[in-house]
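Analysis of the macromolecular model
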2 protein chains.
Amino acid sequence: MPTYKAPVDDVLFLLNDVFSIDRYNNLPGFADASSDVVEAILGEAAKFCEEVLTPLNRVGDVEGCTRADDGAVTTPKGFKEAFAKLVEGGWVGISAPEEFGGQGLPETLTATIGEFLASANMAFAMYPGLTQGAIAALLLHGTPEQKKTYLPKMIEGRWTGTMNLTEPHCGTDLGLLRTKAVKQGDGRYKIDGTKIFISAGEHDLAENIVHLVLARVEGAVAGIKGLSLFIVPKFLVNADGSAGARNGVTCGSIEEKMGIHGNATCVMNYDGATGFLIGEENRGINAMFTMMNEARLGVGVQGLAQSEVAYQNAVNYAKERLQGRALSGAKYPNKPADPIIVHPDVRRTLMSIKAFNEAGRALVMWAALSGDIARRSGDDKERKAADEHMGLLTPVIKGVLTDQGFANTVMAQQMYGGHGYIAEHGMEQFVRDARIAMIYEGANGIQALDLVGRKLPKDGGKAVMAFFNEVQGFITENAKDADMKPFVDPLNKALADLQGATMWFMQNALGRPDNAGAGATDYMHMFGLVALGYMWCRMVKAARAKLKAGANGATDRMNAKLITARFFMERMLPETGAQLARIKSGADVVMELPDAAF
Amino acid sequence: MPTYKAPVDDVLFLLNDVFSIDRYNNLPGFADASSDVVEAILGEAAKFCEEVLTPLNRVGDVEGCTRADDGAVTTPKGFKEAFAKLVEGGWVGISAPEEFGGQGLPETLTATIGEFLASANMAFAMYPGLTQGAIAALLLHGTPEQKKTYLPKMIEGRWTGTMNLTEPHCGTDLGLLRTKAVKQGDGRYKIDGTKIFISAGEHDLAENIVHLVLARVEGAVAGIKGLSLFIVPKFLVNADGSAGARNGVTCGSIEEKMGIHGNATCVMNYDGATGFLIGEENRGINAMFTMMNEARLGVGVQGLAQSEVAYQNAVNYAKERLQGRALSGAKYPNKPADPIIVHPDVRRTLMSIKAFNEAGRALVMWAALSGDIARRSGDDKERKAADEHMGLLTPVIKGVLTDQGFANTVMAQQMYGGHGYIAEHGMEQFVRDARIAMIYEGANGIQALDLVGRKLPKDGGKAVMAFFNEVQGFITENAKDADMKPFVDPLNKALADLQGATMWFMQNALGRPDNAGAGATDYMHMFGLVALGYMWCRMVKAARAKLKAGANGATDRMNAKLITARFFMERMLPETGAQLARIKSGADVVMELPDAAF
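All residue numbers here refer to positions counted from 1 along the written sequence of the relevant chain. Working convention: letters from A go to chains and numbers from 1 go to ligands, in the order in which they are written. Where local features are concerned, this predicted model is filtered to residues with pLDDT of at least 70; where side-chain atom pairs are given and counted, the filter is 80 or more; whole-chain, interface and lining totals use all residues. Working from all heavy atoms in the structure, the side-chain values ignore hydrogens and water.

In this comparison the copies share one frame, found by least squares on the C-alpha atoms of residues holding pLDDT of at least 70 in both. The two copies are related by a screw operation: chain B maps onto chain A through 180° of rotation and 0.0 Å of translation along the axis, at an RMSD of 0.0 Å. In symmetry terms, the pair is related by a two-fold rotation axis. Relative to the rotation axis, the C-alpha of A578 of chain B is the closest in chain B, positioned 3.3 Å from it. Residue contacts are counted whenever heavy atoms from the two residues lie within 4.5 Å of one another. Both copies share a contact surface, since 100% of the interface residues of chain B are interface residues in chain A too.

Now for the domain arrangement of chain A. All names here are of chain A. For every domain, the bounds stem from an assignment made automatically or drawn from a database. Domains assigned within chain A are domain 1 (8–141), domain 2 (160–286) and domain 3 (290–584). Computed from C-alpha atoms alone, the centre-to-centre distance between domain 2 and domain 3 is 35 Å. Across the contact, 12 residues belong to domain 2 and 11 residues belong to domain 3. Defined here as a combined quantity, buried area equals the accessible surface (1.4 Å probe) lost by two parts on assembly, summed across both. Buried surface at the junction of domain 2 and domain 3, summed over both partners, amounts to about 900 Å²; 73% is from carbon and sulfur atoms. It is M163, M258 and I260 that lose the most area in domain 2 upon contact with domain 3, and together they represent 56% of the buried surface on that side. The salt bridge definition used is simple: a Lys or Arg side-chain nitrogen within 4 Å of an Asp or Glu carboxyl oxygen. At the junction of domain 2 and domain 3, the tally comes to zero salt bridges. Pairs of N or O atoms are called polar contacts if they sit within 3.5 Å, as long as, within protein, a hydrogen donor faces a hydrogen acceptor (for residues adjacent in sequence, only side-chain-to-side-chain pairs). In this structure, the connection of domain 2 to domain 3 is made through three residue pairs in polar contact (both at pLDDT 80 or more). Just so you know the grouping, Ala, Val, Leu, Ile, Met, Phe, Trp, Tyr, Cys and Pro go in nonpolar, Asp, Glu, Lys and Arg go in charged, and all remaining residues, Gly too, go in polar. Classifying every residue of the side of domain 2 that touches domain 3 by side-chain character gives six nonpolar, six polar and no charged.

By the definition in use, this model includes 71 salt bridges over all chains. With its nearest N and O atoms 3.0 Å apart, the salt bridge here joins R361 of chain B to E308 of chain B. Residue R361 of chain B is located in helix 8 (residues 344–376), and its partner E308 of chain B is located in helix 7 (residues 284–320); the two are separated by 53 residues in the primary sequence. In the salt-bridge network here, residues are joined through shared partners; they are D522, R571, E575 and R582 of chain A together with D522, R571, E575 and R582 of chain B. Under the scheme used here, helices are H or I runs from DSSP no shorter than 4 residues and strands are E runs no shorter than 2 residues, and both carry numbers assigned from the N terminus.

Attention shifts here to the side chain of S585 of chain A. For S585 of chain A, the position within the fold is in the loop between helix 16 (575–584) and helix 17 (588–592). A polar contact of 2.7 Å, which involves the side chain of S585 of chain A, links it to the backbone oxygen of R582 of chain A. A polar side-chain atom of S585 of chain A sits 3.2 Å from a polar atom in the side chain of R571 of chain B. If sequence neighbours within four positions are ignored, S585 of chain A has contacts with E570 and R571 of chain B.

One widely used convention gives an interface's size as the accessible area the parts lose upon coming together. In this complex, chain B contributes 87 residues to the contact, which on the side of chain A involves 87 residues. The three residues of chain B that bury the most area against chain A are Y421, R571 and F598 of chain B, which together make up 12% of that side's buried surface. Counting across the chain B and chain A interface gives eight salt bridges. Among the ionic pairs, D522 of chain B bridges to R571 of chain A, the shortest N-O distance being 4.0 Å. Where chain B meets chain A, there are 56 residue pairs in polar contact (both at pLDDT 80 or more). Of the residues contributing to the side of chain B that touches chain A, the split by class is 44 nonpolar, 19 polar and 24 charged.

On to the environment of W159 of chain A, then. All names here are of chain A. Here W159 lies in strand 3 (residues 159–164). Between the C-alpha atom of W159 and that of K225, which follows or precedes it by 66 residues, the distance is 30 Å. Not counting the four nearest positions on each side in its chain, W159 is found in contact with T131, T149, Y150, K153, M154, A206, E207, N208, V210, V237, G241 and A243.

Two numbers describe a pair of packed helices, the interaxial angle and the distance between the axes. Residues and elements named next belong to chain A. Only C-alpha atoms enter the line fits that serve as axes; for helices the fit covers just the stretch in contact. Angles between N-to-C directions range over 0 to 180 degrees. One way to put it is that helix 13 (residues 485–508) packs onto helix 15 (residues 555–572) with a least axis distance of 10 Å and a crossing angle of 30°. The orientation of helix 13 with respect to helix 15, classified from their angle, is roughly parallel. Relative to helix 15, helix 13 is oriented so that their crossing is left-handed. Here helix 13 contributes P486, F487 and P490 to the contact with helix 15, which in turn contributes L562, A565, R566 and M569. Looking at the contact of helix 13 with helix 15, its residues break down into six nonpolar, no polar and one charged. By the definition adopted for this analysis, an angle is roughly parallel if under 35 degrees, roughly antiparallel if over 145, roughly perpendicular if from 65 to 115, and oblique otherwise. The handedness criterion is simple: a crossing whose near helix is rotated anticlockwise from the far helix by less than a right angle is left-handed, and one whose near helix is rotated clockwise is right-handed.

What follows concerns the state of the cysteines. Two cysteine sulfur atoms form a disulfide, by the criterion used here, when they sit within 2.5 Å. Under the definition given, this model contains zero disulfides over all chains. Among the cysteines around C49 of chain B, which has no disulfide bond, C65 of chain B carries the closest sulfur, lying 19 Å off.

On to the packing of helix 7 of chain B against helix 10 (residues 427–437) of chain B, then. Residues and elements named next belong to chain B. Where helix 7 contacts helix 10, the axes come no closer than 9 Å and their chain directions differ by 165°. Taken together, the axes of helix 7 and helix 10 are roughly antiparallel relative to one another. As for how helix 7 packs across helix 10, the hand of that crossing is left-handed. Facing V299, Q302, Q306, V309, A310, N313 and A314 of helix 7, the residues of helix 10 in contact are M427, F430, D433, A434 and A437. In terms of residue class, the contact of helix 7 with helix 10 is made up of eight nonpolar, three polar and one charged.

As a further point, take the nonpolar core. Definition used in this section: a nonpolar core is a set of buried Ala, Val, Leu, Ile, Met, Phe, Trp, Tyr and Cys residues joined via side-chain atoms within 4.5 Å. Between buried and exposed lies partly exposed: a residue is buried under 20% and exposed over 50% of the maximum accessible area for its type, with that area taken using a 1.4 Å probe on protein chains only. One finds L42, L350, F467, Y523 and F527 of chain A to be the most contacted residues of the largest nonpolar core, which totals 230 residues. Tallying contributions element by element places helix 14 (residues 513–548) of chain A first for this core, with 18 residues. With residues up to four places along the chain from it excluded, the contact list for F467 of chain A reads W366, L392, L393, L498, F527, V530 and A531 of chain A. Grouped together as the second largest cluster of nonpolar side chains are 198 residues, Y189, F276, F527 and M569 of chain B included.

Structurally, Q429 of chain A can be placed in helix 10 (residues 427–437). A polar contact is formed between the side chain of Q429 of chain A and the backbone oxygen of N57 of chain A, at a distance of 3.1 Å.

Okay, helix 13 (residues 485–508) of chain B next. All names here are of chain B. Between the first and last C-alpha of helix 13 there are 34 Å, a value that for 24 residues agrees with the 34 Å anticipated at 1.5 Å per step. Those residues of helix 13 that sit buried are F487, V488, L491, A494, L495, D497, L498, A501, T502, W504 and F505. Its buried side turned inward, helix 13 meets helix 11 (444–455), helix 12 (462–478), helix 14 (513–548), helix 15 (555–572) and helix 16 (575–584). Here the expected span of a helix is defined as 1.5 Å times the quantity of residues minus one.

This is how it looks when you write it as structure tokens:
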């Protein structure tokens, strides 16, 4: 049975030492998040995840969700009780506005706790996770009346939310969407259509489910410019705010899928369901993107989270499994064999995961802090810059953290040898669960295109220039520090590769977009490496400062940061050279092969 | 439901044009394998795989194997009938010696058909696949009596074979093995112990199962030098050759695992079972390696096979799935959207798999031809050189073809978007099935160590020097040919990287083996890239010759070879630079992190 220990110490190091969160005390909610408060909250979240959710992870995988003939869905044993505890702990609404019953604490905390939840039990964590996305969309686009009706219950956790976009014939290309909305005399809409792959679409955890549904109003234009977003509650809401009559939306079936069995992935049938327009007609795609961006960050965190829990278990196994002897001679001669952690190839594998996880966690926090600034700062310019920074990092976090997060679960499973392939050890579940994160909320190829085709050129490249300037500024500032040199030098080289690739796109992709398409995935991963490399440099700087100040019991942890950072610089960051070469090879050969020759 | 079409044309191109198999007509069995005969055999094998085995692949996954209380195991519906057809077709023994009822045809054919079988139904193909390994061990190490008793039935396919090595506490480190053998008065042995992860350990497909079991004779020394190999038949064989009394070996349970559900992975209990020694006492590890090497090549082929079938389905889907428009403008304006194969990122993904599969198939054939020479040549020196060449390529084929084969199934699944995660499309099964190939018959980290620690230094590096000489010779011979230059130049650069890494090991790993351990996996993959690059150069040369000669209906296929080869050179081979940098970073940082800091 796999175990999990939430990385609270690492989070506190990032919050306090790397990002100095108290610098943000001018933002609403941040002053309340004093170091002590944060530590207490993280400790409680860790406890809930480790003790309640972790043991349910395999239960959820084995049992899955079951649908009764009437469309009702039962979640795995123990999920209901765990969800009640989640609600009781107020975990859904810790960052939500106080006016709707939230605690108003930084989003950064929610992102962090999101990692703990998704490490402990990814399938379970999706129920509140999707609710967060729906809350964000309602906050930004809902009418005051809609907010009042839905938000308090959702923030409390008694009602959950979903996103309904995909249809059998359309996923990425939402312009093909067919679900129909017909305006009724009372301003309501009748919704008809079928949605597929709806996570948490139906279940027994909440009193009501608030579906946000993308549909086309009768007579609207074809394509994405004719799409509108609707609230379709499972139960219509009574005047007193309670859940009332059953609406015309039902779960038609539950998909049989590779993993996340504990989450009900539903085919949802809308048969004359009553819907309420969010925002304006034909502007649904905007509100949808609010949800989607929220969800993309969350999915990136899932990749990190599965990588982390798989890593922890692989480390435990590598320390326990006795097999063979160290190449340099027995390390534990009194044992029948050495633990496999003595082997360089095992250490190399584990260190790649560790080096990725710790920098990935920092990257998520950096983006989440930008999210907080974008939502809470009183300064327009600062808010806009932060929003663009987060927009730039979102596809990188989604794409890179899930691609590599998945690859890491595979590497962690490999440490178990044959035992990793057997279900009872739980390692293969991490692989199966992590796999979906590369796919949903925009497959990673789409993330790469979003980065290259939309985020790079936006506003004349403002966001990416700001990113380059920040990283370059850090390098320049620290270039003469002998202690920092082994870290900023490789970063400088990698940044030059990334800038070279960016320049190459500017020169070669404007006239021929295929040149961008053919290099997009490599570019996304290259961007990820540079961003992670920058995070490592900042962590090294903070670790050195902490060590100089006495480290206060954290000496070993801070020294480990320095070693892990060196590993990243020597073994992971140099990949940017090969990526640049591939990008510069362009689209010619890729486009030349006739379709029939594949 | 996934489909499969065996790549018969590609195999014929390799056999006839690239490797000119008729050059080997001096070897026993090769003259019988005329071009027509081979084409007919491959056509029949293809038909059996496509029509009988492919439709059973998902059945096997869904049903799995079931064990009755008495230890009997039932295979999935249809497996028994399919196995009867396999036996009827004589597919198990096509390369086995005629004196034991085989057809004596080249092993190369068996390896090729092995790919078809493993693409169509990997779990099914393991039943005859493991039998091949047991046949090889008996042929080389069995007494004339043992050969007479077991081989004809196994070669016919009426009896199957297994390998019994792993125990709960020992996998890689067989020296820890505890299964006990006690010599009886009659020269037989009593075997007691428990083996785990025994593929095809018990089933209802054959009249008898011939277990080859590694055990320690009472009183033998500890470690691998005290191991002996035994034949333990499920049913003891009567004097007339028929299966007689039930032996004391039973299936204790079937493992629940990530994939290959159609194959029974058994815990095998030996309770005073009667065993017959193969070869000498305490020399079991040698006989075991015969089986193991056979099996390792077979497992490499599984990686390739899953990559191929996943690729084929991904291509079909990419041509059918309409979603979005080409970046350069609509390609099919009369359809609601373009098929996704218009997108550069989709094409890039599919071409990486294609470029890998076609070169991987060539590499397997190159090694299999060496295997044939090693077994059949009348020239001692030639036989020894071929054996060493195959020994050098075995860990590369096992490690690289399964690591990348698995990664390719993941990429192919990705092409389906959300639909790839749903069981009914079968793409996620390819991923789950392919995953085991990275683990069993020596996890890939062990393959890398075998390559670097054993195969490289063997006989003063004779085999690797021969490999370098052959590749360098080809480069030199073709360097001035303008048509070949775009292919041999990148190969030359990659070869230099590989030679640089080899040199670095010679200078830095003799005194400090950890330096080899820390770079072993990168070295194995680098070796794989160079070997695949060399295969591409040879295929390009053959394709150009064929095009010059008129190509005889194969013009499109040969042109596709040239384009795919360029893709490999531009996009895949340059990775050797990053691998070399990682190898040269050495073991320092990897060994420095204290165990407690992981």
